[in-house]
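Architecture and fold: a report
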Amino acid sequence: MSFLNYVFGPNLYMEYRGVPEPQRKMYEAGAAERANFLPTSLQLSVMWSVGYYTSPLLVTFLYRRGYLVADSIPTLAKITTSLGLIVIISLVMRGLGRKQSRSYSNMMKALVRAKESKTAGGASSELRRFDIEFQAWPVDFDVKALTGDTKKPVVTASRREPLQLATLPCEVIAYLAIKTFGLSMIYPGSVKLLQKFMRPMLISGRAKLIEDDNGIRYKVKTMDSNEIDTLFIDNRNDNVGNGKTLVICSEGNAGFYEVGIMGTPVALKYSVLGWNHPGFAGSTGTPYPHQDKNAVDAVVQFAINNLGFSVEDIILYGWSIGGFSTLYAASVYPDVKGVVLDATFDDVLYLAVPRMPSVLAGIVKVAIRNYCNLNNAELATEFNGPIAFIRRTEDEIIAEDNRIDTNRGNYLVLSVLKYRYPNIFGTSQLNKVKGLLTKPLEPYSIPSADEKLCMSRLITYASDEGKSFPMHIGAEYSEEVRNLMAVFLVGLLSSFFHRTNRELKPLSTLQLRKHLRDYNSTHCTQLPGEFFTMPWDIPTEHGFVFT
């Protein structure tokens with residue numbers, strides 16, 4: 001094996017326990033490797049970002065000091081030569097130190113074999129024993145290799161509003177803001193400095209998923225050539241659990257699958273597929289909406305074409321800003337088993353504007369609408385399947401001052417209800433529901449007899465007319481009946497749902513009031529397993545008669 005493989009090879013972080021190593025072991029560089037002065041790729045990325053955005057100031061400083069004139073060329077040449085010698089010596093020391101390491105040598109041999117076979121191999125392959133810099137990992141699935149109906153067109157960036165000359169200054173400022181600091185504020189998990197501080201936690205979390213839960217790490221390539229870091233836990237062989245169903249987890253704006261929401265469905269023995277947004281940890285790219293859409297689409301395609309799950313056996317689970325990725329995937333794959341949204345908002349614009357000075361509201365709106373339009377309320381209307389919302393009653397991120405009445409999840413629920421049942425949710429019904437959502441829903445209940453009547457009306461209509469949305473039930477209802485149905489439906493759709501048999505049961509056994517709960521928690525608390533269940537779907541039965 002060439003010495004250059006060791007010089008320019010990826011960083012090794014950990015060797016997982018197995019036959020050669022009974023315990024997991026963090027990689028410790030030898031004395032020769034530690035003696036080099038080269039920055040890591042992450043440090044280089046941080047340095048490049050800082051240098052790029054401060055380059056006007058640096059150039060001005062160097063010019064005023066006289067470093068950018070002809071007389072300074074000999075001095076600059078001496079500095080460059082000295083730095084070059086330091087780099088060469090450091091590279092040689094790094095190569096010698098790595099070549100002397102048994103762990104690194106074993107990893108490099110496994111990596112070379114994997115690249116020759118153009119895949120990391122199965123769960124027992126040698127390369128999967130190591131946690132390495134993910135950019136060196138071979139691609140396991142390329143969505144561009146698909147053919148036929150399964151292949152989706154690439155999603156590209158598009159403006160929501162046409163460019164106008166009168167608003168050109170505002171447009172320029174908005175563009176510069178998004179390109180410099182705006183996107184990092186919306187997706188802080190893409191900031192390399194944050195990732196550097198979190199790296200030990202991510203390595204440890206990934207090791208736990210791989211060793212304790214038999215997770216397998218895969219690299220998925222998207223239509224726009226980003227490489228997405230994913231991890232799959234297969235529980236299909238567990239006959240007593242939920243392993244036949246796959247839960248695809250979409251994390252929040254500073255969430256990573258290593259330490260994110262995967263733990264909830266994993267504990268319930270679902271098969272689980274986690275992934276990191278573009279620009280997060282091992283994933284390449286930048287988390288613009290079009291790149292995020294291509295990423296989650298590639299992840300679903302990977303689950304179907306490589307892991308062997310049918311669309312009907314997939315639950316899409318999104319937390320916080322991950323609700324955008326989840327709802328987009330649901331709109332593209334409408335036959336999924338269901339969607340679960342935890343602590344998700346309606347529109348990022350209404351979260352961004354209050355956090356910026358009021359004089360910048362116009363610029364914020366242009367920046368969001370044209371470059372980062374995360375409009376979940378709009379996307380939710382494109383999915384007709386079962387959907388469940390989990391609201392955090394103490395949410396401090398998508399609500400103002402932890403007040404439940406300002407929780408943006410309320411508005412997402414209202415928009416879905418209004419779209420799905422337009423004849424029931426008129427102005428007075430929406431106002432009534434808004435009032436209900438200003439406090440926890442659990443103490444509220446409706447009489448059992450009224451509950452049964454509401455369910456009967458819903459089942460009868462769905463059995464006769466189908467379950468497609470918008471559903472035009474209620475056109476002939478009185479105002480009183482509409483009010484009752486509105487209260488009933490907000491309970492079904494906006495609260496947490498306990499496990500319900502999908503087959504039709506006698507109405508007396510449905511006990512719908514037990515399904516109405518909010519989760520009394522802040523935004524970032526791990527969701528307990530008891531709160532994660534299949535979204536409720538309207539049961540239908542041929543020949544069902546309203547009683």
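Residues numbered from 1 in each chain as written. Predicted model: local features only at pLDDT ≥ 70, side-chain atom pairs only at ≥ 80, totals over all residues. Heavy atoms only, no water.

Comments concerning empty space enclosed by the protein
Empty space left among the atoms is revealed by rolling a probe the size of a water molecule over them. Summed over the entire model, instances satisfying the criterion amount to four cavities of 30 Å³ or more. Space inside the second largest cavity adds up to approximately 100 Å³. If you go around the second largest cavity, you meet 17 residues; those closest to its centre are Phe 389, Ile 390, Arg 391, Gly 409 and Val 413. Among the elements of the structure, strand E11 (387-390) and helix H15 (408-420) are those that each provide at least two residues to the lining of the second largest cavity. The dominant element in the lining of the second largest cavity, judged by the number of residues it contributes, is H15, at three residues. Partitioning the lining of the second largest cavity into residue classes produces eight nonpolar, five polar and four charged. (1 Å grid on protein atoms, 1.4 Å probe; cavity = no way out; pocket = protein on both sides within 12 Å on 5 of 7 lines; lining within 4 Å. Points joined across faces, edges and corners; volume = space filled by probe spheres on them. Helix = DSSP H or I, 4+ residues; strand = E, 2+ residues; numbered from the N terminus. Nonpolar A, V, L, I, M, F, W, Y, C, P; charged D, E, K, R; others polar.)

Concerning helix H17 (residues 448-465)
Note that an α-helix has 3.6 residues per turn; residues three or four places apart therefore point the same way. Under the 1.5 Å per step criterion, the end-to-end length of H17 is 26 Å for 18 residues, consistent within 8% with the ideal 26 Å. Looking at H17, one finds that the buried residues are Glu 451, Cys 454, Met 455, Ser 456, Arg 457, Leu 458, Ile 459, Thr 460 and Ala 462. Of the residues trailing H17, Gly 466 is marked for its positive phi of about 95°. (Expected span 1.5 Å × (residues − 1). Buried < 20%, exposed > 50% of the residue type's maximum accessible area, 1.4 Å probe, protein only.)

Considerations on a nonpolar patch on the surface
Taken together, Val 59, Phe 61, Leu 62, Tyr 63, Tyr 67, Leu 68, Leu 76, Ile 79, Leu 83 and Ile 86 make up a surface patch of nonpolar side chains, about 920 Å² in accessible area. Breaking the nonpolar patch down by element, the ones donating at least two residues are helix H4 (55-64) and helix H5 (73-100). If you trace the backbone, Leu 68 turns up in the loop between H4 and H5. For Leu 68, a relative accessible area of 45% puts it in the partly exposed group. (Patch = residues over 30% accessible without salt bridge, like charges linked within 9 Å, V, L, I, M, F, W, Y side chains within 5 Å. Areas by Shrake-Rupley, 256 points an atom, 1.4 Å probe, with all protein chains shown as cover. Salt bridge = Lys/Arg side-chain N within 4 Å of Asp/Glu carboxyl O.)

Quick notes on the packing of aromatic side chains
One pass over the full model with this rule turns up 13 aromatic pairs. Taken together through their ring pairs, the aromatic side chains of Tyr 6, Tyr 27 and Tyr 104 make up a single cluster. Stacked on the ring of Tyr 411, the Lys or Arg Arg 408 has its end atom at 4.0 Å from the ring centre. Positioned above the aromatic ring of Tyr 477 is the side chain of Arg 457, whose terminal nitrogen or guanidinium carbon lies 5.7 Å from the ring centre. (Phe/Tyr/Trp six-rings, centres within 6.5 Å; stacked < 30°, edge-to-face > 60°. Lys NZ or Arg CZ within 6 Å of the ring centre and 35° of its normal.)

Re the nonpolar core
Grouped together as the largest cluster of nonpolar side chains are 95 residues, with contacts concentrated most on Ile 248, Leu 273, Leu 316, Leu 374, Tyr 421, Phe 425 and Leu 458. Formed by 28 residues, the second largest nonpolar core is a distinct cluster that contains Tyr 13, Ala 207, Tyr 270 and Ile 390. (Core = buried A, V, L, I, M, F, W, Y, C linked by side-chain atoms within 4.5 Å.)

Some remarks on the packing of helix H7 (residues 168-186) against helix H13 (residues 361-371)
Packing of H7 against H13 brings their axes to within 9 Å, and their N-to-C directions diverge by 75°. Regarding the angle of H7 to H13, the classification is roughly perpendicular. Contacts between H7 and H13 involve Cys 170, Glu 171, Ile 173, Ala 174, Tyr 175, Ile 178 and Ile 186 from the former and Gly 362, Ile 363, Val 366, Ala 367, Ile 368, Asn 370 and Tyr 371 from the latter. In the contact of H7 with H13, the residues fall into eleven nonpolar, two polar and one charged. (Axes fitted to C-alpha atoms, helices over the stretch in contact; angles between N-to-C directions. Parallel < 35°, antiparallel > 145°, perpendicular 65-115°, else oblique. Contact = heavy atoms within 4.5 Å.)

Some points on the pairing of strand E6 (residues 227-233)
Across the seven residues that make up E6, a large majority, seven, are buried. Burial along E6 is two-sided: the face carrying Glu 227, Asp 229, Leu 231 and Ile 233 and the face carrying Ile 228, Thr 230 and Phe 232 are both buried. Alignment of strand E5 (residues 216-221) against E6, held across six bridges, turns out to be antiparallel. Residue pairing across strands places Ile 216 opposite Phe 232, the latter belonging to E6. Between the end of E5 and the start of E6, which pair antiparallel, lie five residues, with Ser 225 showing a positive phi angle near 70°. (Pairing = 2+ DSSP bridges.)

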